[in-house]
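Okay, here's what each chain looks like letter by letter:
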Amino acid sequence: MSDLHGSTQHKVVGKPLLYAISCFASLGVFLFGYDQGVMSGIITGPYFKKYFHRPLPHQVGTMVAVLEIGAFATSLAAGRIADIIGRRMTLFWGATVFVVGGAIQTGTTGYGIMVLGRVVSGCGVGLLSTIVPIYQSEVSPAEHRGALACMEFTGNILGYASSVWVDYFCSYIESDYSWRIPLLMQCIIGGILAVGSLFMPESPRWLIDTGKDNEGMIVIADLHGGNLDDEKAKEEFREIRDVQMMTNSRTYSAMWKRYKQRVLIAMSSQATALMSSHIMLPWSLNVEAGWVGRDALLMTGINSIIYICSTIPTWFLVDRWGRRAILLSGAVIMGIALVATGYWMNLDVPATPNAVVICVVIFNAAFGYSWGPLPWLYPPEIMPLAHRAKGVSLSTATNWFFNWLVGQVTPTLQSTIKWRLYPMHGFFCACSFILVYFLYPETKGVPLEEMDRVFGEEPLSDEESETASLVRSRRSSTNHHSISPPPPREPPRESQGWLGRLLGRDAGRRAQYQPVGSQDEE
């Protein structure tokens, strides 16, 4: 046990520290949101086209898509990197690589250098998009974990919206600065994140896991209020250290053998979100409505504001309604909007442009409320500590692969099957509804250590469980090792109406989750 006593002497502790970590880490997702959106505006500018000698469509497509290739590669490696150098330093190097890539793009002298810069930036994005959800989940209390993760996604959309509006205002500049300044902005933001990450605390789980017990205890104490003698902080430390001491294999093969279902669910959440094809719809908003050039940028900027607003209700709903209710309702609304989009395009009447705009706005709002944020929350929630970084790495790599795939095939499908493309993606929304209904368990309010019960699994040993969140506002005073799992209880009959059956878990297939220690309180 750590022999530290007294106060940590740090000024920012407790909830202010937690919220500061969350806000600052959100710069990481802001960055890859910005980088995803910045190119869509500058590639249509006259000075950009002139500088690159009016590149052909496939050259522009390569320039944009290589970001996903770099992100895919480093997101696969990020799990191993995060386990070796830690969560904080992975964040630092992700931001640093991103700045280097942005600098190469800003100072580019030709097409090849621009492509190189995009690849380098993509490598930074891959690290950031993997490590931020992991870092956030490891310091968030169970009762607010969903809200904090959804706030991060809002940061991602803020980054995208910022890039659109920067592109719009810079389009009035009559020189090459009209596209170089938007690229330079990502360097400034990335630099702030890189420097700031050096002042953020490391994940206490990683510290204790690597033998840095005293440092881990200090971070835990800070998250509990700064008192090293706090009993809850000491108990938290003991639980994490006990898990670490009994952990054996952390390989990908061990993860796949024990947690194959969880890995596939984590990967499918990202794949189905992308197959719903939200990256295709802003293009439809402009083309079908007849907007081009600066007008297209303006309307995309307005749409992005609606997109941001749609992510805010989830802050308050995700830890009340639960993950399943939001994903299921989002799939329904998105599917209807996609089918309606195809219907109006096929009808091709004077009202079609306005109808398409309405459908696209509804789709984006539904996506921002549901399938936008939750696939980033769900994977780090359901994976155990020993395999979390690797599991989230695979799910994030799935995101970038499908991001690239949808971006590559959409233009071809748009020209061949035309309006039928939209109902096709509506079909994928129906598939996602079925997937969530039958396979995705509810994780609302469940401490990370008790996910085995959610999946109806019996832990093989203490190493298979996960310690409770570091800042839980309410803890049982019963010793962790003396608690026996309570038997499953039937939920109250009145809570199982038709809506409850639709949005709840299949009680016959999985054990009903009950908090550890709940019997002691009766």
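First things first, this report covers the structure right here in the doc. (Residues numbered from 1 in each chain as written. Predicted model: local features only at pLDDT ≥ 70, side-chain atom pairs only at ≥ 80, totals over all residues. Heavy atoms only, no water.)

## A closer look at the environment of proline 447
- With respect to the secondary-structure elements, proline 447 resides in the loop between α19 (421–439) and α20 (451–454).
- Expressed as a C-alpha distance, the spacing of proline 447 and glutamate 143, which sit 304 residues apart in the sequence, is 8.2 Å. (Helix = DSSP H or I, 4+ residues; strand = E, 2+ residues; numbered from the N terminus.)

## Brief notes about helix α9 (residues 213–224)
- Here α9 spans 16 Å end to end across twelve residues, near enough to the 16 Å set by a 1.5 Å rise per residue.
- Among all positions in α9, only Gly216, Met217, Val219, Ile220, Ala221, Asp222, Leu223 and His224 are buried.
- Once α9 finishes, glycine 225 follows within two positions and takes phi at roughly 130°, a positive value. (Expected span 1.5 Å × (residues − 1). Buried < 20%, exposed > 50% of the residue type's maximum accessible area, 1.4 Å probe, protein only.)

## Section: the packing of helix α1 (residues 14–42) against helix α7 (residues 177–197)
- Taken N-terminus to C-terminus, the directions of α1 and α7 make an angle of 170°; their axes are 10 Å apart at the nearest point. The orientation of α1 with respect to α7, classified from their angle, is roughly antiparallel. Relative to α7, the crossing made by α1 is left-handed. Between α1 and α7, the residues in contact are Phe24, Leu27, Gly28, Phe30, Leu31, Tyr34, Asp35, Val38, Met39 and Ile42 and Trp179, Pro182, Leu183, Met185, Gln186, Ile189, Gly190, Ile192, Leu193, Gly196 and Ser197, respectively.
- Grouping the amino acids of the contact of α1 with α7 by side-chain chemistry returns 15 nonpolar, five polar and one charged. (Axes fitted to C-alpha atoms, helices over the stretch in contact; angles between N-to-C directions. Parallel < 35°, antiparallel > 145°, perpendicular 65-115°, else oblique. Left-handed = near helix turned anticlockwise from the far one by under 90°. Contact = heavy atoms within 4.5 Å. Nonpolar A, V, L, I, M, F, W, Y, C, P; charged D, E, K, R; others polar.)

## A look at the nonpolar core
- Within the largest apolar cluster, 96 residues are counted, with the highest numbers of intra-cluster contacts made by Met39, Phe48, Phe367 and Trp371.
- With twelve residues, the top contributor of residues to this core is α1.
- Those residues within four positions of tryptophan 371 in sequence are excluded, and the remaining contacts are Ser269, Thr272, Ala273, Leu327, Gly330, Ala331, Met334, Ala366, Ser432 and Val436.
- One finds Met217, Ile220, Ala233 and Phe237 within the second-largest nonpolar core, a separate group that totals eight residues. (Core = buried A, V, L, I, M, F, W, Y, C linked by side-chain atoms within 4.5 Å.)

## Here we look at the packing of aromatic side chains
- Counted under the stated rule, the structure contains 22 aromatic pairs.
- Centroid distance phenylalanine 32 to tryptophan 400: 6.1 Å. Interplanar angle 75°. Geometry classified as edge-to-face. Here phenylalanine 32, found in helix α1, pairs with tryptophan 400, found in helix α18 (residues 385–416); they are 368 residues apart in sequence, far enough to count as distant.
- Residue phenylalanine 32 is classed as buried on the basis of its relative accessible area, which comes to 3%.
- Ring geometry for tyrosine 378 against tyrosine 440: centres 5.3 Å apart, planes inclined by 10°, an arrangement best described as stacked. One end of the pair, tyrosine 378, is in helix α17 (residues 374–382); the other, tyrosine 440, is in the loop between α19 and α20, and 62 residues separate them in sequence. (Phe/Tyr/Trp six-rings, centres within 6.5 Å; stacked < 30°, edge-to-face > 60°.)

## Here we look at the pattern of salt bridges
- All told, the structure shown has eight salt bridges when counted by the stated rule.
- Note that aspartate 83 is salt-bridged to arginine 87, the shortest N-O span being 3.1 Å.
- Owing to a relative accessible area of 3%, arginine 87 belongs among the buried residues under this scheme.
- One salt-bridge network, held together by shared partners, links Asp83, Arg87, Glu138, Arg388 and Lys390. (Salt bridge = Lys/Arg side-chain N within 4 Å of Asp/Glu carboxyl O.)

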